[in-house]
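Now for the letters of each chain:
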Amino acid sequence: MSTLKTRCRQIGQAWTEDGIREARAPWYGCNAGRAMASTASADDRSDLWDAICHMRKTVARYDAAIGAPRRHAVCLRLLAPLDAMDATADSPAPDDRSEVERRNAAVSGWMAMQGWLGWVDKPAASQALRVVVDDERVTDADGLVLALRCVSDGIKGNPLKYRGRESFPVD
């Protein structure tokens, strides 16, 4: 409850049932999510949060593929059982790919994400990676949302369009 009270205070919500419901949204747990929620409309938040989660998973898989150390501690993971206890219809399918196929997929995912971030100006793309992956402080929330929209379009397979604030000459 103290965490929810703090979140309510941080996002400017009253300690009411609606305020608590809003504070429970997963995006209020990190700097990227809070900045995204303060700038984006309520309809866009889910898609942009999916983009944040996708970026984090992509970077984690890429880091593992190249043998880089984990960026964050895994202390709570030690308490979770390592072996699967049971499976349901909602459980992900087992990954039968070889180690090489997984590594290639991780690198391809990283390259795709970098390509999607190429559709926004460099400062916004650079900040998006720092804020989303390393939970740094947000200096340009609008730029972050522009970068997240590019990633969201890429995830969905939508046609990409330049979303930066700089204009480029067209030949």
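Scroll up for the structure.
Residues numbered from 1 in each chain as written. Predicted model: local features only at pLDDT ≥ 70, side-chain atom pairs only at ≥ 80, totals over all residues. Heavy atoms only, no water.

**Q** Looking at this structure, I do not really get the overall build of the chain. What am I missing?
**A** Along the chain, the regular secondary structure elements total seven helices and zero strands. Within the span of the chain, comprising 171 residues, buried residues form 30% of the whole. Excluding contacts between residues fewer than 6 apart, the proportion of contacts in the chain whose partners are at least 24 apart in sequence is 51%. Within the structure as shown, the chain displays about 11,300 Å² of accessible surface, and the carbon and sulfur contribution to it stands at 53%. (Helix = DSSP H or I, 4+ residues; strand = E, 2+ residues; numbered from the N terminus. Buried < 20%, exposed > 50% of the residue type's maximum accessible area, 1.4 Å probe, protein only. Contact = heavy atoms within 4.5 Å. Areas by Shrake-Rupley, 256 points an atom, 1.4 Å probe, with all protein chains shown as cover.)

**Q** Would you take a moment to explain the pattern of salt bridges for this structure?
**A** Two side chains that carry opposite charge are able to pair once their charged atoms sit near each other. This model, assessed by the stated rule, comprises six salt bridges. One continuous salt-bridge network, built from bridges that share partners, spans Asp63, Arg71 and Asp134. (Salt bridge = Lys/Arg side-chain N within 4 Å of Asp/Glu carboxyl O.)

**Q** Any chance you could explain the packing of helix 3 (residues 31-39) against helix 7 (residues 141-156) here in plain terms?
**A** Packed helix pairs are specified by the crossing angle of their axes together with the interaxial distance, meaning the distance between the axes. Between helix 3 and helix 7, whose axes approach to 9 Å, the crossing angle comes to 95 degrees. Judged by the angle between their axes, helix 3 and helix 7 are roughly perpendicular. Residues Ala32, Ala35, Met36 and Thr39 of helix 3 lie in contact with helix 7, whose contacting residues are Ala141, Asp142, Leu144, Val145 and Leu148. Here the residues of the contact of helix 3 with helix 7 are counted per class, giving seven nonpolar, one polar and one charged. (Axes fitted to C-alpha atoms, helices over the stretch in contact; angles between N-to-C directions. Parallel < 35°, antiparallel > 145°, perpendicular 65-115°, else oblique. Nonpolar A, V, L, I, M, F, W, Y, C, P; charged D, E, K, R; others polar.)

**Q** What is the right way to read the environment of Leu117 from this model?
**A** By secondary structure assignment, the location of Leu117 is in helix 5 (residues 99-117). Relative accessible area serves as the criterion here: at 3%, Leu117 is assigned to the buried category. Spatially, the C-alpha atoms of Leu117 and Cys150 are 6.3 Å apart, while their sequence positions differ by 33 residues. Residues contacting Leu117, with those up to four places away along its chain left out, are Met55, Ala125, Leu129, Ala147 and Val151.

**Q** Could you clarify how one ought to interpret the layout of surface pockets in this entry?
**A** Rolled over the atoms, a probe as big as a water molecule pinpoints where empty space is left. Here the largest pocket is characterised by a volume of approximately 390 Å³. As for the largest pocket, its lining consists of 15 residues, and the residues nearest its centre are Arg56, Val59, Ala60, Arg71 and His72. Of all the secondary-structure elements, those providing two or more residues to the lining of the largest pocket are helix 4 (45-66) and helix 6 (122-134). Counting residues per element, the lining of the largest pocket draws most heavily on helix 4, which supplies seven residues. (1 Å grid on protein atoms, 1.4 Å probe; cavity = no way out; pocket = protein on both sides within 12 Å on 5 of 7 lines; lining within 4 Å. Points joined across faces, edges and corners; volume = space filled by probe spheres on them.)

**Q** Looking at this model, I keep getting lost on unusual backbone geometry. Mind explaining?
**A** As a rule of thumb, non-glycine residues mostly have phi less than zero, and peptide bonds are mostly trans rather than cis. In this structure, Asp135 is a non-glycine residue whose phi angle is positive, near 55 degrees. You can see Asp135 is positioned in the loop between helix 6 and helix 7.

**Q** Mind showing me how you'd approach the nonpolar core here?
**A** Among soluble globular proteins, nonpolar side chains are generally buried collectively. Counting 34 residues, the largest nonpolar core has Met36, Met55, Leu144 and Leu148 as the members making the most contacts within it. Those elements giving two or more residues to this core turn out to be helix 3, helix 4, helix 5, helix 6 and helix 7. Once residues lying within four places of it in the same chain are set aside, the contact partners of Met36 are Trp27, Arg45, Leu48, Trp49, Ile52, Leu144, Val145 and Leu148. (Core = buried A, V, L, I, M, F, W, Y, C linked by side-chain atoms within 4.5 Å.)

**Q** I'm lost on the side chain of Asp63 in this one. Help?
**A** Counting through the fold element by element, Asp63 comes out in helix 4. Under the relative-accessibility criterion, Asp63 is labelled buried at 8%. Contacts of Asp63, omitting those with residues within four sequence positions, involve Ala68 and Arg71.

**Q** I'm lost on the side chain of Ser152 in this one. Help?
**A** Considering the arrangement of structural elements, one finds Ser152 in helix 7. Residue classification places Ser152 among the buried residues on the basis of a relative accessible area of 6%. Apart from residues no more than four positions distant in its own chain, Ser152 is found in contact with Asp47 and Ala51.

**Q** Teacher, can you tell me more about the state of the cysteines here?
**A** A covalent bond between the sulfur atoms of two cysteines is referred to as a disulfide. Overall, the coordinates contain zero disulfides when judged by the stated rule. For the unlinked cysteine Cys30, the closest cysteine sulfur is that of Cys53, found at 8.1 Å. The exposure class of Cys30 is buried, given its relative accessible area of 6%. (Disulfide = S-S within 2.5 Å.)

**Q** In this structure, what is going on with helix 3? I would like to understand it.
**A** Since there are 3.6 residues in each turn of an α-helix, residues three or four apart along the chain are aligned in direction. If you check which residues of helix 3 are buried, you get Ala32, Gly33, Ala35, Met36 and Ala37. Looking at the buried positions of helix 3, the neighbouring elements they touch are helix 4, helix 6 and helix 7.

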